[in-house]
Amino acid sequence: MSTITKLHAREVLDSRGNPTVEVEVSTANGAFRSIVPSGASTGKREACEKRDGDASRYLGKGVQEAVHAVKTQLDQALVGKNVMEQRTLDELMVKLDGTDNKSNFGANAILGVSMAISKAAAVNAGVPLSQYLGQLAGNEKMKLPVPCFNVINGGSHAGNVLPFQEYMIAPVGAKDFSEALRMGCEIYHKLKSLLKKKYGQDAVNVGDEGGFAPPIGGGGGEEPLQLLVEAIKEAGYEGKIKICMDCAASEMWNEEARKYDLTFKGDTRTLITGKELAEMYQSWVEKYPFISIEDPFGEDDWESWPILTSALKGKAQVVGDDLTVTNMKCIKQAVEKGSCNSLLLKINQIGTITEALDAAKLCKENGWTVMVSHRSGETEDTYIADLSVALACGQIKTGAPCRGERTAKYNQLLRIEEMLGSKAEYGWGFN
């Protein structure tokens, strides 16, 4: 019942209307399907997302080559193998690809297979996916994560001039996930009313991840923080909500000036040093209820990272995304340099479930936290909801409580909470 009988793949669409890879792994238990997400703001050290480059189809973004790899080389290699051997099969695919960044088959091909294999294995084992992934990760305990709702968008995710990519709210004071979800939704709608009143109807248009993209300009990016505090207060949740940011500072880096440009999306330049940027973050953490700052500096600005991480110790976690790309080698380097103390875990940055689980384990061993994350180009696949519970990491970011590809994950977490019943734990960070 656990033997792979066929691999199939097709080109489908993600939430931005771009092609991505959907994989089906068949066993005697049925066909098990997974869809691979895609990022817009990507680190240069991420595993290769293979695109066709044929300008006559999807503006060059087709994934027929990756689909072909699944249906031919990977099918030939995996048919007859046992889905219960996740690590062995993941390692086999990586070996057959033969490149450091999975550029032969494409990480989008390999990951789709890896995800679908674990779904097939969970059914074969007779347990929910979250429980099976927990077993693979060596976790006996499962935990519902605090959702970090991306409610204001800037950076490369929105058409406004805000330099910072995501402003998030985290209901750390909720008693359980259901209450956290309700808090997030209520604040989201209060914020919508505030933005509409202050900026007009156009201000409540949403970005790639469902957050609002208001026409906020100037001020160095602080105004959204003021709006979040006001919305939290109006919703009646002061003291129960923390603020997170994804700065995506690599997008702001001006290589010629070797500085950060706070107006990189506009016609004028506002250049500041890494030291000045760090001082700005520190002032915000003192002023607002912060708990997390992600990618505060560029992926090659190794000098600035440890300064902020040290300064914010005990106040807010500093999360590596572009810096660490869910890659063991990059994480080890960041640990050695004291660059950050938290990992943003994105399964498509590394390309196999085994490697993602290993990355989370390495972080936990080094006293880091882990935040499981979606991508801006998402799908209806709810895999990361189960993964966040399996890792018991206590943190997930998967967009605003808006847009079906985002709410699908939140709804899956509600189902898992219901399934766990009295055993359902909720809270920030590892226990």
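This text goes with the structure placed above it.
Cut-off values and rules
Counting of residues starts from 1 at the beginning of each chain's written sequence and follows it residue by residue. Where local features are concerned, this predicted model is filtered to residues with pLDDT of at least 70; where side-chain atom pairs are given and counted, the filter is 80 or more; whole-chain, interface and lining totals use all residues. For the side-chain quantities, the full set of heavy atoms in the structure was used; hydrogens and water were omitted. Comment: elements are numbered from the N terminus, with helices defined as DSSP H or I runs of at least four residues and strands as E runs of at least two. Per-residue accessibility, obtained with a 1.4 Å probe over protein chains only, is compared with the maximum for each type, and a residue is labelled buried under 20%, exposed over 50%, and partly exposed between these values. The contact rule is simple, with two residues in contact once any of their heavy atoms fall within 4.5 Å. Counted charges follow a simple rule, with Lys and Arg positive, Asp and Glu negative, and His plus the chain ends left uncounted. Every charge is mapped onto a representative atom, which is NZ of Lys, CZ of Arg, CG of Asp or CD of Glu. Multiplying 1.5 Å by the residue count of a helix minus one yields the expected span of that helix. Read the arc as the range of directions from the helix axis to the C-beta atoms. Two strands make a pair as long as DSSP finds a minimum of two bridges between them. With the strands aimed away from the viewer, a crossover counts as right-handed if its path from the first strand over the helix to the second runs clockwise. Between N-to-C directions, angles cover 0 to 180 degrees, with each direction set by a line fitted to C-alpha atoms, over the stretch in contact for helices. For classification, angles of less than 35 degrees are called roughly parallel, those exceeding 145 degrees roughly antiparallel, those between 65 and 115 degrees roughly perpendicular, and all remaining angles oblique. Left-handed is the label given to a crossing in which the near helix is rotated counterclockwise from the far helix by less than a right angle, and right-handed is the label when the rotation is clockwise. Residues are grouped as follows: Ala, Val, Leu, Ile, Met, Phe, Trp, Tyr, Cys and Pro are nonpolar; Asp, Glu, Lys and Arg are charged; all remaining types, including Gly, are polar.

Trainee: Talk me through the overall build of the protein; I want residue IDs and the actual numbers.
Mentor: Each helix and strand in the protein was counted, giving 13 helices and 15 strands. Each principal axis of the C-alpha atoms in the protein carries an extent, and together these give about 60 × 55 × 45 Å. Counting all 431 residues of the protein, 59% fall into the buried class. The contacts in the protein between residues at least 6 apart in sequence include a share of 69% that link residues at least 24 apart. Averaging the locations of the 49 positively and 57 negatively charged side chains of the protein gives two centres separated by 3 Å.

Trainee: Break down helix 2 (residues 86–97) for me, with residues and values.
Mentor: Helix length check: helix 2, at 12 residues, gives a terminal C-alpha distance of 17 Å against a target of 16 Å (1.5 Å per residue), a fit within 8%. Taken together, the buried positions of helix 2 are Q86, L89, D90, M93 and D97. Taken around the axis of helix 2, the buried residues stretch over an arc of 100°, which confines them to a single face. Tucked inside the fold, the buried residues of helix 2 contact helix 1 (64–78), helix 3 (107–125), helix 4 (129–137) and helix 11 (353–365). Among the residues trailing helix 2, G98 stands out with phi positive, at a value near 75°.

Trainee: Before we move on, can you summarise the pairing of strand 13 (residues 342–345) with the specific residues and values?
Mentor: Across the two faces of strand 13 the burial is the same, with S342 and L344 and L343 and L345 all buried. With 2 bridges joining them, strand 12 (residues 317–320) and strand 13 adopt parallel strand pairing. Residue V319 lies in a different strand from strand 13, and its bridge partner there is S342. For the crossover that starts at strand 12, traverses helix 9 (residues 328–337) and ends in the parallel strand 13, the hand is right-handed. Alignment of strand 13 against strand 14 (residues 369–373), held across 4 bridges, turns out to be parallel. In the strand pairing of strand 14, L343 is matched with V370.

Trainee: Pulling in residues and values, what's your account of unusual backbone geometry?
Mentor: For Y58, which is not a glycine, the phi torsion comes out positive at approximately 50°. Residue position: Y58 is located in the loop between strand 3 (30–35) and helix 1. Given a relative accessible area of 41%, Y58 falls into the partly exposed group. Not every positive phi belongs to a glycine, and R258 is a case in point at roughly 60°. Residue position: R258 is located in the loop between strand 8 (253–254) and strand 9 (259–261).

Trainee: I'd like a rundown of the packing of helix 1 against helix 2, residues and numbers included.
Mentor: Contact geometry for helix 1 and helix 2: axes closest at 11 Å, N-to-C directions at 135°. By the criterion of interaxial angle, the relationship of helix 1 to helix 2 is oblique. Note on packing geometry: the crossing formed by helix 1 with helix 2 is right-handed. The segment helix 1 lies against helix 2, with L74, A77 and L78 engaging L89, L92, M93 and L96. Residue classes in the contact of helix 1 with helix 2 are distributed as 7 nonpolar, no polar and no charged.

Trainee: Summarise the sheet that holds strand 3; cite the residues concerned and give the values.
Mentor: The strand order across the open sheet formed by 3 strands is 1-2-3, and the pairing between neighbours is antiparallel. At either margin of the open sheet sits one strand with a lone partner, and together these are strand 1 (6–13) and strand 3. Going across the sheet, the axis of each strand differs from the next one's by a mean of 25°, ignoring polarity. Together, strand 1 and strand 2 (19–27) form the strand contacts of helix 1, whose direction differs from that of strand 1 by roughly 170°. Docked against the sheet, helix 3 engages strand 1, strand 2 and strand 3, running at close to 135° with respect to strand 3.

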